[in-house]
Amino acid sequence: MILALDPGTSFGWCVMAPDGAILAAGVWKLRRHAKDRRGLILARAQAEIDAAVGKHKPRAIAYERVFRHSSADAKDLYGGLVGVAEIVAYSWDLPTMRVPVAVWKKALTGNGNATALGGIKPPTKTARRKFGNLAPHRVIPSYLAAARAKWPGVSLEEDSAAACGIGDAARRGLHVQVKAEKKRRKAGFNAPAYKPIR
(Lines give C-alpha, C1' and ligand atoms only; values in the text may rest on other atoms or scores of the structure.)
Protein backbone atom coordinates (compact mmCIF):
# COMPACT_ATOMS: atom_id res chain seq x y z
CA MET A 1 0.00 0.00 0.00
CA ILE A 2 1.32 3.46 -0.96
CA LEU A 3 0.50 6.92 0.35
CA ALA A 4 0.91 9.20 -2.67
CA LEU A 5 1.28 12.97 -2.24
CA ASP A 6 0.96 15.96 -4.57
CA PRO A 7 2.63 18.74 -2.52
CA GLY A 8 1.12 22.23 -2.59
CA THR A 9 -1.22 24.52 -0.68
CA SER A 10 -3.98 22.30 -2.08
CA PHE A 11 -2.22 19.11 -1.02
CA GLY A 12 -3.55 16.10 -2.95
CA TRP A 13 -3.21 12.68 -1.38
CA CYS A 14 -4.19 9.13 -2.18
CA VAL A 15 -3.86 5.73 -0.51
CA MET A 16 -3.44 3.07 -3.18
CA ALA A 17 -3.60 -0.70 -2.74
CA PRO A 18 -1.05 -2.99 -4.46
CA ASP A 19 -3.64 -3.91 -7.11
CA GLY A 20 -4.18 -0.24 -8.04
CA ALA A 21 -7.47 0.26 -6.19
CA ILE A 22 -7.90 3.59 -4.43
CA LEU A 23 -8.69 3.07 -0.77
CA ALA A 24 -8.91 6.77 0.11
CA ALA A 25 -8.18 10.08 -1.62
CA GLY A 26 -8.68 13.76 -1.02
CA VAL A 27 -7.19 17.22 -0.77
CA TRP A 28 -5.87 18.93 2.33
CA LYS A 29 -6.41 22.70 2.11
CA LEU A 30 -3.30 24.23 3.65
CA ARG A 31 -3.78 27.85 2.61
CA ARG A 32 -2.86 30.47 5.18
CA HIS A 33 -3.94 33.99 5.93
CA ALA A 34 -1.56 36.84 5.17
CA LYS A 35 -0.71 37.29 8.85
CA ASP A 36 0.11 33.61 9.39
CA ARG A 37 3.69 32.44 9.17
CA ARG A 38 4.73 30.02 6.42
CA GLY A 39 5.65 27.44 9.05
CA LEU A 40 1.94 27.03 9.77
CA ILE A 41 1.46 25.38 6.35
CA LEU A 42 4.33 22.99 7.06
CA ALA A 43 3.00 22.15 10.53
CA ARG A 44 -0.46 21.44 9.10
CA ALA A 45 1.05 19.29 6.34
CA GLN A 46 3.07 17.29 8.86
CA ALA A 47 0.00 16.70 11.03
CA GLU A 48 -2.11 15.58 8.03
CA ILE A 49 0.55 13.25 6.59
CA ASP A 50 1.27 11.78 10.01
CA ALA A 51 -2.44 11.15 10.62
CA ALA A 52 -2.83 9.51 7.18
CA VAL A 53 0.15 7.22 7.82
CA GLY A 54 -1.20 6.33 11.27
CA LYS A 55 -4.67 5.59 9.94
CA HIS A 56 -3.90 3.74 6.68
CA LYS A 57 -0.52 2.13 7.54
CA PRO A 58 1.10 2.41 4.06
CA ARG A 59 4.33 0.58 3.24
CA ALA A 60 5.83 3.57 1.38
CA ILE A 61 5.29 7.26 0.63
CA ALA A 62 5.49 8.52 -2.96
CA TYR A 63 5.50 12.18 -3.92
CA GLU A 64 5.73 14.26 -7.05
CA ARG A 65 9.21 15.33 -8.13
CA VAL A 66 9.01 18.78 -9.69
CA PHE A 67 11.92 20.20 -11.65
CA ARG A 68 10.51 23.63 -12.59
CA HIS A 69 8.52 25.99 -10.42
CA SER A 70 6.42 29.02 -11.30
CA SER A 71 8.19 31.21 -8.72
CA ALA A 72 10.79 31.21 -5.97
CA ASP A 73 7.99 31.09 -3.37
CA ALA A 74 6.51 27.99 -5.03
CA LYS A 75 9.95 26.36 -5.03
CA ASP A 76 10.48 27.16 -1.35
CA LEU A 77 7.05 25.84 -0.38
CA TYR A 78 7.52 22.66 -2.42
CA GLY A 79 10.90 22.04 -0.76
CA GLY A 80 9.40 22.53 2.67
CA LEU A 81 6.47 20.20 2.00
CA VAL A 82 8.75 17.51 0.57
CA GLY A 83 10.98 17.90 3.63
CA VAL A 84 7.96 17.39 5.88
CA ALA A 85 6.97 14.25 3.92
CA GLU A 86 10.52 12.91 4.32
CA ILE A 87 10.45 13.64 8.07
CA VAL A 88 7.17 11.75 8.50
CA ALA A 89 8.50 8.86 6.41
CA TYR A 90 11.64 8.76 8.55
CA SER A 91 9.67 8.82 11.81
CA TRP A 92 7.52 5.86 10.63
CA ASP A 93 10.54 4.09 9.03
CA LEU A 94 8.97 4.13 5.54
CA PRO A 95 10.79 4.32 2.20
CA THR A 96 10.04 7.27 -0.08
CA MET A 97 9.70 7.37 -3.86
CA ARG A 98 10.04 10.48 -6.01
CA VAL A 99 7.95 10.30 -9.18
CA PRO A 100 8.72 12.91 -11.89
CA VAL A 101 5.73 14.85 -13.24
CA ALA A 102 6.17 13.60 -16.81
CA VAL A 103 6.32 9.96 -15.65
CA TRP A 104 3.01 9.90 -13.80
CA LYS A 105 1.25 12.00 -16.46
CA LYS A 106 2.44 9.66 -19.20
CA ALA A 107 1.39 6.63 -17.17
CA LEU A 108 -2.08 8.07 -16.66
CA THR A 109 -2.78 9.73 -20.01
CA GLY A 110 -0.20 8.33 -22.43
CA ASN A 111 1.25 11.83 -22.79
CA GLY A 112 4.01 13.18 -20.54
CA ASN A 113 2.95 16.78 -21.15
CA ALA A 114 -0.77 16.06 -20.61
CA THR A 115 -1.98 19.52 -21.54
CA ALA A 116 -4.63 18.28 -23.97
CA LEU A 117 -8.23 19.05 -23.10
CA GLY A 118 -10.00 16.59 -20.88
CA GLY A 119 -13.27 18.51 -21.24
CA ILE A 120 -14.70 21.75 -19.91
CA LYS A 121 -16.32 22.77 -16.67
CA PRO A 122 -18.56 25.73 -15.86
CA PRO A 123 -17.09 29.15 -15.08
CA THR A 124 -16.29 30.07 -11.50
CA LYS A 125 -18.72 32.17 -9.43
CA THR A 126 -16.30 35.10 -9.59
CA ALA A 127 -16.13 34.91 -13.40
CA ARG A 128 -19.93 34.72 -13.63
CA ARG A 129 -20.29 37.79 -11.39
CA LYS A 130 -17.72 39.70 -13.41
CA PHE A 131 -18.66 38.64 -16.95
CA GLY A 132 -22.23 37.36 -16.64
CA ASN A 133 -23.27 35.06 -19.51
CA LEU A 134 -19.97 35.79 -21.30
CA ALA A 135 -17.88 34.10 -18.55
CA PRO A 136 -15.45 31.63 -20.13
CA HIS A 137 -15.62 27.92 -19.35
CA ARG A 138 -12.64 26.41 -17.62
CA VAL A 139 -10.59 23.54 -19.03
CA ILE A 140 -10.44 20.19 -17.25
CA PRO A 141 -6.86 18.85 -17.39
CA SER A 142 -6.56 15.61 -19.36
CA TYR A 143 -5.02 13.82 -16.37
CA LEU A 144 -8.14 14.57 -14.30
CA ALA A 145 -10.39 13.16 -17.03
CA ALA A 146 -8.11 10.09 -17.34
CA ALA A 147 -8.13 9.52 -13.56
CA ARG A 148 -11.91 9.81 -13.37
CA ALA A 149 -12.20 7.28 -16.22
CA LYS A 150 -9.71 4.87 -14.60
CA TRP A 151 -11.27 5.07 -11.12
CA PRO A 152 -14.95 5.88 -11.81
CA GLY A 153 -16.26 5.23 -8.29
CA VAL A 154 -13.89 7.72 -6.64
CA SER A 155 -14.64 11.43 -6.34
CA LEU A 156 -11.48 13.19 -7.54
CA GLU A 157 -10.37 16.82 -7.74
CA GLU A 158 -7.34 17.97 -9.73
CA ASP A 159 -4.87 17.56 -6.86
CA SER A 160 -6.19 14.19 -5.67
CA ALA A 161 -6.20 12.94 -9.29
CA ALA A 162 -2.54 13.93 -9.54
CA ALA A 163 -1.81 12.04 -6.31
CA CYS A 164 -3.58 8.97 -7.73
CA GLY A 165 -1.42 9.19 -10.86
CA ILE A 166 1.70 9.48 -8.70
CA GLY A 167 0.65 6.47 -6.64
CA ASP A 168 -0.14 4.40 -9.73
CA ALA A 169 3.23 5.18 -11.34
CA ALA A 170 5.06 4.40 -8.07
CA ARG A 171 3.10 1.16 -7.60
CA ARG A 172 4.08 0.03 -11.10
CA GLY A 173 7.74 1.01 -10.55
CA LEU A 174 7.81 3.46 -13.45
CA HIS A 175 9.96 6.00 -11.57
CA VAL A 176 12.63 3.30 -11.12
CA GLN A 177 12.51 2.33 -14.81
CA VAL A 178 13.21 5.93 -15.78
CA LYS A 179 16.31 5.97 -13.54
CA ALA A 180 17.54 2.67 -14.99
CA GLU A 181 17.04 3.95 -18.55
CA LYS A 182 19.03 7.11 -17.78
CA LYS A 183 21.87 5.06 -16.28
CA ARG A 184 21.91 2.79 -19.34
CA ARG A 185 22.09 5.75 -21.69
CA LYS A 186 24.80 7.38 -19.61
CA ALA A 187 26.91 4.20 -19.59
CA GLY A 188 26.73 3.93 -23.40
CA PHE A 189 27.47 7.58 -24.02
CA ASN A 190 31.07 8.38 -24.97
CA ALA A 191 31.79 11.96 -24.02
CA PRO A 192 34.58 13.80 -25.83
CA ALA A 193 37.83 14.19 -23.94
CA TYR A 194 38.04 17.23 -21.68
CA LYS A 195 39.88 20.12 -23.26
CA PRO A 196 40.63 23.15 -21.12
CA ILE A 197 39.59 26.53 -22.47
CA ARG A 198 42.59 28.76 -23.20
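The text that follows walks through the structure, step by step, so that each part is easy to find.

Quick notes on the rules
- Residues numbered from 1 in each chain as written.
- Predicted model: local features only at pLDDT ≥ 70, side-chain atom pairs only at ≥ 80, totals over all residues.
- Heavy atoms only, no water.
- Pairing = 2+ DSSP bridges.
- Helix = DSSP H or I, 4+ residues; strand = E, 2+ residues; numbered from the N terminus.
- Axes fitted to C-alpha atoms, helices over the stretch in contact; angles between N-to-C directions.
- Buried < 20%, exposed > 50% of the residue type's maximum accessible area, 1.4 Å probe, protein only.
- Contact = heavy atoms within 4.5 Å.

**Here we look at the sheet that holds strand β1 (residues 2-6)**
At step 1: With mixed pairing, 5 strands are arranged side by side in an open sheet as β3-β2-β1-β4-β5. Each end of this open sheet is capped by a strand with a single partner; those strands are β3 (22-29) and β5 (96-100). Looking at each pair of strands side by side, their axes are set apart by 20 degrees on average, direction ignored.
At step 2: Relative to β5, strand β4 (residues 60-65) is paired through 5 bridges, and the arrangement is parallel.

**Some thoughts on the environment of Ala-162**
At step 1: Secondary-structure assignment places Ala-162 in helix α6 (residues 158-171).
At step 2: Classification of Ala-162 as buried rests on a relative accessible area of 2%.
At step 3: Sequence-wise, Ala-162 and Tyr-63 are 99 residues apart; in three dimensions their C-alpha atoms are separated by 10.0 Å.
At step 4: With sequence-adjacent residues up to four places away left out, Ala-162 is seen in contact with Asp-6, Trp-104 and Tyr-143.

**With respect to the pairing of β3**
At step 1: Looking at chain direction, strand β2 (residues 10-16) and β3 are connected through 7 bridges and run antiparallel. Bridging from a neighbouring strand, Trp-13 pairs with Gly-26 of β3.
At step 2: Hairpin connection between β2 and β3: a loop of 5 residues separates the two successive antiparallel strands, and Gly-20 in this loop has a positive phi of roughly 95 degrees.

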